[in-house]
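# Remarks on the overall topology
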Amino acid sequence: MPQWLEAGLWGSLAGGALVLGAGIAWLVRVPAQIIAGIMAFGAGVLIEALAFELIDEAERSGGLGPTAIGFVAGASAYVGANVLLARYGARHRKRSGDQQAGEQGSGLAIAVGALLDGIPESIVLGLSLLNGGGVAVLAAVFVSNVPEGLSSAAGMKRAGRGPGYVFGVWGGIAAASGLAAVLGNLVLSDASPAAVATITAVAAGAILATVADTMIPEAFERNHALTGLITTLGFLSAFTIERLNG
C-alpha cells in the first residue's frame with residue numbers, strides 16, 4: 001500500500017473517532033461527569049504524544065531552534081484564530097453543557113473551529129509515517145477525538161442543532177482529516193529535517209493550545225476533584241503504548 005494512502009486511512013480513522021463520539025452523544029444521554037472524565041483522559045493522552053512523539057522527535061531531527069519557533073508559532077496561530085472565531089459564535093464549540101445554546105453561534109464558525117482543532121493532528125499523522133512511526137500518535141489522536149466529538153455533539157444537541165448539522169460537521173472533519181494526513185505525507189516527503197521539525201512543532205503547539213484552552217477547562221468544570229488523576233492515567237496509558245511499540 002502506498003504510504004500516502006496509508007496516511008489518508010489513518011487520518012480518516014482518527015477523524016472518524018469524532019463521528020463515533022458524536023454518535024454516542026446523540027444516541028445516549030451521557031452524564032456530564034462521564035464526559036468530563038473522558039475529556040481529561042484524552043487530554044493526558046495528547047500531552048504524552050506531544051512530549052514524546054512530536055516535540056522530542058522534532059528536536060532530535062531538526063534542532064532546538066526550529067522546534068521552538070514552530071511550537072510557539074503553532075500555539076500563537078491557534079490562539080489567534082480561536083479568538084477570532086469566538087467573535088462569530090464558536091467559543092464554546094467543545095462544551096457539553098448549555099453554553100452553545102446561549103451563544104447563538106454561526107454554524108460556519110463552529111465548523112471552521114472544529115476544522116482548526118483537527119487538522120494539526122492529521123498533519124502530524126502524515127508526518128509520523130515519514131519517520132517510520134505513527135502508531136502511538138494514531139492511538140493518542142483517536143482516543144482524544146472520541147471525547148472531543150462526544151462533548152461537542154452533546155452541547156450541539158442541547159443547543160437544538162439537528163442530526164444533519166451535527167454529523168455533517170463531524171463527517172466533514174473526518175474527511176478533511178484524511179486529506180490533511182495525505183498532504184502532510186506527500187508534500188513534506190522531500191522536505192529538510194529542519195522544515196519537518198518546524199511543521200511538526202507548529203502542529204504540536206496548536207494541539208497543546210487546544211488541550212489547555214478547551215479540553216482541560218471542560219474536564220475541570222464538570223469533574224474537578226478527579227481531573228488531575230484521570231489526566232495522569234491518560235498520560236500513563238499513552239506512554240505505555242508508546243514504549244510497548246518502541
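Definitions and cut-offs
- Residues numbered from 1 in each chain as written.
- Predicted model: local features only at pLDDT ≥ 70, side-chain atom pairs only at ≥ 80, totals over all residues.
- Heavy atoms only, no water.
- UniProt positions renumbered as here; feature names shortened; annotations may be inferred.
- Helix = DSSP H or I, 4+ residues; strand = E, 2+ residues; numbered from the N terminus.
- Core = buried A, V, L, I, M, F, W, Y, C linked by side-chain atoms within 4.5 Å.
- Buried < 20%, exposed > 50% of the residue type's maximum accessible area, 1.4 Å probe, protein only.
- Contact = heavy atoms within 4.5 Å.
- Salt bridge = Lys/Arg side-chain N within 4 Å of Asp/Glu carboxyl O.
- Lys, Arg positive; Asp, Glu negative; His and termini not counted.
- 1 Å grid on protein atoms, 1.4 Å probe; cavity = no way out; pocket = protein on both sides within 12 Å on 5 of 7 lines; lining within 4 Å.
- Points joined across faces, edges and corners; volume = space filled by probe spheres on them.
- Expected span 1.5 Å × (residues − 1).

## Here we look at the UniProt feature "transmembrane region" (unreviewed entry) in the chain
What UniProt calls "transmembrane region" (unreviewed entry) maps, in this numbering, to residues 7–28, 34–55, 67–88, 123–143, 164–188, 194–212 and 224–241. Measuring from the first to the last C-alpha atom of residues 164–188 gives 35 Å, for a span that is 96% helix and 0% strand. For residues 194–212, the helix share is 100%, the strand share is 0%, and the end-to-end C-alpha distance is 27 Å.

## A closer look at the nonpolar core
By size, the foremost hydrophobic cluster in this structure holds 23 residues, and its most contacted members are Leu-54, Leu-125, Val-137 and Met-215. Mapped by element, the contributors of at least two residues to this core are helix H1 (3–27), helix H2 (32–62), helix H5 (107–130), helix H6 (135–158) and helix H8 (193–223). With residues up to four places along the chain from it excluded, the contact list for Leu-54 reads Ala-49, Val-124, Val-137, Thr-200, Ala-204 and Ile-207. Grouped together as the second largest cluster of nonpolar side chains are 13 residues, Ala-153, Ala-154, Val-166 and Trp-170 included.

## Some words on the pattern of salt bridges
Going through the model one piece at a time under the given rule, you end up with 1 salt bridge. A salt bridge links Asp-56 to Arg-60, with the shortest nitrogen-to-oxygen separation between them at 2.9 Å. Placement of the pair is Asp-56 and Arg-60 together in helix H2, with a separation of 4 residues, close to one helical turn. Residue classification places Asp-56 among the partly exposed residues on the basis of a relative accessible area of 29%.

## So, the side chain of Glu-53
By secondary structure assignment, the location of Glu-53 is in helix H2. Of the side chains with opposite charge, Arg-243 comes closest to the buried, unpaired Glu-53, at an N-O distance of 6.2 Å.

## Quick look at empty space enclosed by the protein
Evaluation of the coordinates by the stated rule reveals 1 cavity of 30 Å³ or more. Considered as a void within the structure, the largest cavity measures approximately 40 Å³ in volume. Considering the residues around the largest cavity, the lining is formed by Leu-46, Ala-49, Leu-50, Leu-54, Val-124, Val-137, Ala-140, Val-141 and Ile-207. Contributions of two or more residues to the lining of the largest cavity are made by H2 and H6. For the lining of the largest cavity, the element with the highest residue contribution is H2, accounting for 4 residues.

## Concerning H6
Compared with the 34 Å implied by 1.5 Å per residue over 24 residues, the 35 Å span of H6 between its first and last C-alpha is a close match. In terms of residue burial, H6 counts as a mostly covered element, since 18 of its 24 residues are buried. In the stretch just after H6, Gly-160 is the one whose phi turns positive, near 90 degrees.

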